[in-house]
Amino acid sequence: MQVKRTYPERTKRSRWLEKTGKVLEWLSLAACVICPIVNVFVGGKWWSLVVIWAVYSFWSVVLSPDIVERNMISQTFKVIWKVCVLLGLIDLCLAPGWAHFVIPIIWFSGLLFITVVYLADYNKQKQNAMPMIWMFILAIVFSVAALLGWLNLNWPMMAMGGIASALSILGAIAFHKDLWLELKKRFHRD
């Protein structure tokens, strides 16, 4: 019996990319181990937390990308929440006082971008609505928390909450059947 190869031959470029990825993975692991040790011995602020989160984010977005949920909406959501956490860590560990203003701007910009992507190719993107729904829910929750006084209330936070609320209401009215189907697919009991 002859086995027929169906996969294409590996090119020089693909071998180089694989080797480069392995080197970057080992450098990432080394950075995640060495940075906290150096931070403990040097003392001061916990900058190693920022480095570890940045390395993890780079790893999960670039070196080990999603295979199943690989679409523009999911990847944009993934990058935006990782960047927002990174900015929050920078604010918490290194330079406090600005993240409460910057993170909502990035979040509502991401909301607008994801909405445009969703509407631009609705037939292809309608099965990718769940990350967008999570993004809207998180924006509304954080805006309500700001209204209750748990977070700083400023114009970016109000804009984020207003945009998320308006787009959620409009989406629920215009796409209620498709969104209901998506929610049933994600939260079924089988």
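As the structure is a computational prediction, the values presented were derived from the model and not from experiment. (Residues numbered from 1 in each chain as written. Predicted model: local features only at pLDDT ≥ 70, side-chain atom pairs only at ≥ 80, totals over all residues. Heavy atoms only, no water.)

### Examining the overall build of the protein
Thought 1: The helix and strand tally for the protein stands at eight helices and zero strands.
Thought 2: When the helices and strands of the protein are placed in sequence order, the string is α-α-α-α-α-α-α-α.
Thought 3: A compact globule built from 190 residues should have a C-alpha radius of gyration of about 16 Å, whereas the protein, at 21 Å, is more than 25% larger.
Thought 4: Structurally, the protein occupies a C-alpha span of about 60 × 60 × 30 Å along its principal axes.
Thought 5: By residue count, 31% of the 190 residues in the protein fall in the buried class.
Thought 6: Taking the contacts inside the protein whose residues are at least 6 apart along the sequence as the reference set, 64% of them involve residues at least 24 apart.
Thought 7: Carbon and sulfur atoms make up 72% of the accessible area of the protein, which totals about 12900 Å².
Thought 8: Looking at the protein, you have 19 positive and 10 negative side-chain charges, and the mean spots of the two groups are 5 Å apart. (Helix = DSSP H or I, 4+ residues; strand = E, 2+ residues; numbered from the N terminus. Rg over C-alpha atoms; globule rule 2.2 N^0.38 Å. Buried < 20%, exposed > 50% of the residue type's maximum accessible area, 1.4 Å probe, protein only. Contact = heavy atoms within 4.5 Å. Areas by Shrake-Rupley, 256 points an atom, 1.4 Å probe, with all protein chains shown as cover. Lys, Arg positive; Asp, Glu negative; His and termini not counted. Charge placed at Lys NZ, Arg CZ, Asp CG, Glu CD.)

### Digging into the packing of helix H6 (residues 129-147) against helix H7 (residues 155-174)
Describing two packed helices takes the angle between their axes plus the distance from one axis to the other.
Thought 1: At their nearest, the axes of H6 and H7 sit 8 Å apart, and the two run at 135 degrees to each other. Taken together, H6 and H7 sit at an angle that is classed as oblique. In the crossing of H6 with H7, the sense of the turn from one axis to the other is left-handed. Contacts between H6 and H7 pair Phe136, Ala139, Ile140, Phe142, Ser143 and Ala146 from the former with Met157, Met160, Gly161, Ala164, Ser165, Leu167 and Ser168 from the latter.
Thought 2: Looking at the contact of H6 with H7 residue by residue, the classes come out as nine nonpolar, four polar and no charged. (Axes fitted to C-alpha atoms, helices over the stretch in contact; angles between N-to-C directions. Parallel < 35°, antiparallel > 145°, perpendicular 65-115°, else oblique. Left-handed = near helix turned anticlockwise from the far one by under 90°. Nonpolar A, V, L, I, M, F, W, Y, C, P; charged D, E, K, R; others polar.)

### Considerations on the environment of Met130
Thought 1: The residue Met130 is located in helix H6 in this model.
Thought 2: For the pair Met130 and Ser168, spaced 38 residues apart in the sequence, the C-alpha separation amounts to 12 Å.
Thought 3: Excluding residues that lie within four positions of it along the chain, Met130 makes contacts with Glu182, Leu183, Arg186 and Phe187.

### A closer look at the packing of aromatic side chains
Thought 1: Across all of its chains, the model carries five aromatic pairs by this definition.
Thought 2: Both rings, one in Phe77 and one in Trp107, keep their centres 6.3 Å apart while their planes meet at 75 degrees; by these two values the pair is edge-to-face. Of the two residues, Phe77 is situated in helix H3 (residues 72-93) and Trp107 in helix H4 (residues 99-120); the sequence distance between them amounts to 30 residues. Of the two residues, Phe77 and Trp107, both sit in the buried class.
Thought 3: These aromatic residues form a ring-pair network of at least three members: Trp53, Tyr56 and Trp81. (Phe/Tyr/Trp six-rings, centres within 6.5 Å; stacked < 30°, edge-to-face > 60°.)

### Some thoughts on the environment of Val61
Thought 1: Along the chain, the position of Val61 falls in helix H2 (residues 47-63).
Thought 2: The exposure class assigned to Val61 is partly exposed, which follows from its relative accessible area of 26%.
Thought 3: Residues Val61 and Lys82, 21 residues apart in the sequence, show an inter-C-alpha distance of 9.3 Å.
Thought 4: Apart from residues no more than four positions distant in its own chain, Val61 is found in contact with Lys78, Val79 and Lys82.

### So, the packing of H3 against H6
Thought 1: Remark: H3 packs on H6, axes separated minimally by 8 Å, with the N-to-C direction vectors making an angle of 35 degrees. Where H3 crosses over H6, the handedness of that crossing is left-handed. Along its contact with H3, which presents Ile73, Ser74, Phe77 and Ile80, the element H6 presents Pro131, Met132, Trp134 and Met135.
Thought 2: Of the residues that constitute the contact of H3 with H6, the class distribution is seven nonpolar, one polar and no charged.

### Details of the nonpolar core
Thought 1: Counting residues in each nonpolar core, the largest one holds 23 residues, and the members touching the most others are Trp107, Leu111, Tyr118, Met132 and Met135.
Thought 2: Looking at which element gives the most residues to this core, the answer is H6, with eight residues.
Thought 3: The contacts of Tyr118, once residues within four sequence positions are left out, are Ile73, Gln125, Lys126, Ala129, Met132, Phe175 and Leu179. (Core = buried A, V, L, I, M, F, W, Y, C linked by side-chain atoms within 4.5 Å.)

### Notes on a nonpolar patch on the surface
Thought 1: On the surface, Val33, Ile34, Ile37, Val38, Phe41 and Val42 cluster together into a nonpolar patch covering about 610 Å² of accessible area.
Thought 2: Examined against the element boundaries, Phe41 turns out to sit in helix H1 (residues 12-42).
Thought 3: We classify Phe41 as exposed; its relative accessible area is 71%. (Patch = residues over 30% accessible without salt bridge, like charges linked within 9 Å, V, L, I, M, F, W, Y side chains within 5 Å. Salt bridge = Lys/Arg side-chain N within 4 Å of Asp/Glu carboxyl O.)

What is shown is where atoms sit, not what they do.
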